[in-house]
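Here's the letter readout for the chains.
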Amino acid sequence: MQSRLLLIEDDYAIADMVQRHLSKEGFVLSHAADGEAALRLLAQETYQLILLDLMLPGVDGMEVLRYVRASSTVPVLILSAKDSDVDKALGLGFGADDYLAKPFSLIELTARVKAALRRASQYAGAATVTAPQQHVLRVHELTLHTEEHLAMKRDQPINLTAKELLILKLLMTYPKRAFSKEQIYRAVWNDDYLNDVNAIQVHISRLRDKIEDEPATPKYIKTVWGIGYKMGEFRDDA
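The rules behind each value
- Residues numbered from 1 in each chain as written.
- Predicted model: local features only at pLDDT ≥ 70, side-chain atom pairs only at ≥ 80, totals over all residues.
- Heavy atoms only, no water.
- Pairing = 2+ DSSP bridges.
- Helix = DSSP H or I, 4+ residues; strand = E, 2+ residues; numbered from the N terminus.
- Contact = heavy atoms within 4.5 Å.
- Axes fitted to C-alpha atoms, helices over the stretch in contact; angles between N-to-C directions.
- Buried < 20%, exposed > 50% of the residue type's maximum accessible area, 1.4 Å probe, protein only.
- Polar contact = N/O pair within 3.5 Å; in protein donor to acceptor, adjacent residues only side chain to side chain.
- Core = buried A, V, L, I, M, F, W, Y, C linked by side-chain atoms within 4.5 Å.
- Right-handed = clockwise from strand over helix to strand, strands pointing away.
- Expected span 1.5 Å × (residues − 1).
- Arc of directions from axis to C-beta.

**Observations concerning the sheet that holds strand β10 (residues 179-180)**
Here is step 1 of the chain: Taking strand neighbours across the sheet as the criterion, the three strands line up as β10-β12-β11 in an open arrangement whose pairing is antiparallel. The open sheet has two edge strands with one neighbour each: β10 and β11 (221-224).
Here is step 2 of the chain: Where β11 lies against strand β12 (residues 228-231), four bridges are found, and the strand directions are antiparallel. Following the sheet pairing, Val224 is matched in β12 by Gly228.
Here is step 3 of the chain: Here helix α6 (residues 162-173) sits on the sheet and contacts β10, β11 and β12; the angle it forms with β12, its principal contact strand, is near 65 degrees.

**Overview of the side chain of Asp98**
Here is step 1 of the chain: Residue position: Asp98 is located in strand β5 (residues 98-101).
Here is step 2 of the chain: Its relative accessible area of 18% is what places Asp98 among the buried residues.
Here is step 3 of the chain: One polar contact links Asp98 to Arg112, side chain to side chain, over a distance of 3.0 Å.

**So, the sheet that holds strand β3 (residues 49-53)**
Here is step 1 of the chain: In spatial order, the strands read β2-β1-β3-β4-β5; together these five strands make up an open sheet with parallel pairing. Whereas interior strands pair on both sides, the edge strands pair on one side only; in this sheet they are β2 (28-32) and β5. For this sheet the average axis-to-axis angle between neighbouring strands, irrespective of direction, equals 20 degrees.
Here is step 2 of the chain: Alignment of β3 against strand β4 (residues 76-80), held across four bridges, turns out to be parallel. Its bridge partner being in β4, Ile50 is matched across the sheet by Val76.
Here is step 3 of the chain: Those strands touched by helix α3 (residues 61-69) are β1 (4-8), β3 and β4, and its axis lies near 155 degrees from that of β3.

**Some points on the nonpolar core**
Here is step 1 of the chain: The biggest cluster of nonpolar side chains holds 26 residues, and the ones touching the most others in it are Leu142, Leu168, Met172, Ile184 and Ile211.
Here is step 2 of the chain: Secondary-structure elements contributing two or more residues to this core are β6 (136-139), β7 (142-145), α6, α7 (181-189), α8 (197-211) and β12.
Here is step 3 of the chain: If near-sequence neighbours (up to four positions away) are discounted, Ile211 is found in contact with Leu142, Lys153, Ile158, Leu168, Tyr220 and Ile221.
Here is step 4 of the chain: Among the nonpolar cores identified, the runner-up in size contains 21 residues, and Ala32, Ala38, Leu54 and Leu56 belong to it.

**Considering the pairing of β1**
The two faces of the sheet receive side chains in turn, since in a regular strand these alternate between them.
Here is step 1 of the chain: Burial analysis of β1 places four of its five residues in the buried class, which makes it a mostly covered element.
Here is step 2 of the chain: Pairing analysis gives five bridges linking β1 to β2, with the strands arranged parallel. Following the sheet pairing, Leu6 is matched in β2 by Ser30.
Here is step 3 of the chain: The parallel pair β1 and β2 is bridged by helix α1 (residues 12-24), and the resulting crossover is right-handed.

**Description of α1**
Here is step 1 of the chain: For α1, built from 13 residues, the straight-helix expectation of 18 Å at 1.5 Å per residue is met to within 8% by its first-to-last C-alpha distance of 18 Å.
Here is step 2 of the chain: The complete set of buried residues in α1 reads Ile14, Ala15, Val18, His21 and Leu22. Summarising the axial view, the buried residues of α1 lie within an arc of 145 degrees, below the 170-degree limit, and thus occupy one face. Counted as exposed and oriented over 90 degrees from the buried face of α1: Tyr12, Ala13, Arg20 and Lys24.
Here is step 3 of the chain: Among the residues of α1, the N-terminal cap falls to Asp11, whose side-chain oxygen and the backbone nitrogen of Ala13 are separated by 3.0 Å.
Here is step 4 of the chain: Gly26, located one to two residues past α1, shows a positive phi value of around 100 degrees.

As structure tokens, then:
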């Protein structure tokens, strides 16, 4: 199946060049010339990758990126003439997956697009809890016995609901990976994500109340701004 890409670029000459080239490579492209048009398309369609210019009229590229990351982990490749390290760090810090400075070669652009799609496909496959079958998962002082459906902290049982156990299992199975609310919902509820942000937040909040020493400053379930949640990292000697 052909991958659908959204190109958000206000320079029509660049947009036409990119569209022509990537169409020949087998991709299906939609084009938005400004941030408002991009937000309309994103509300209507699903894309496998977004090519995003930072300097857009009206709603700028960073605002578009914030909107995307509020509900999706779709790969975002920034295309921008702003080539400073600060801008790169800012763009990637907000959740972009890659950065390509203008002017760029179409060969490199194609390679970056294919690499981003490949990573996303591998990540999606790994994020569907079919994971390494470990019967006992441990993170610092927290232990999860998956067969007995038993969570313990400092050898004391923790009374968790079925959904809380599944969320904890997902995060502990992949302790270095950040999961979006959408991925957590699909993995735990085994259903399509209905943008019910509340359901995830409520369960995460209750889970933190039960496993954290200080739920207001969690160490086990960390928020990854613009993406979702992941397990906290602990030093072995801590």
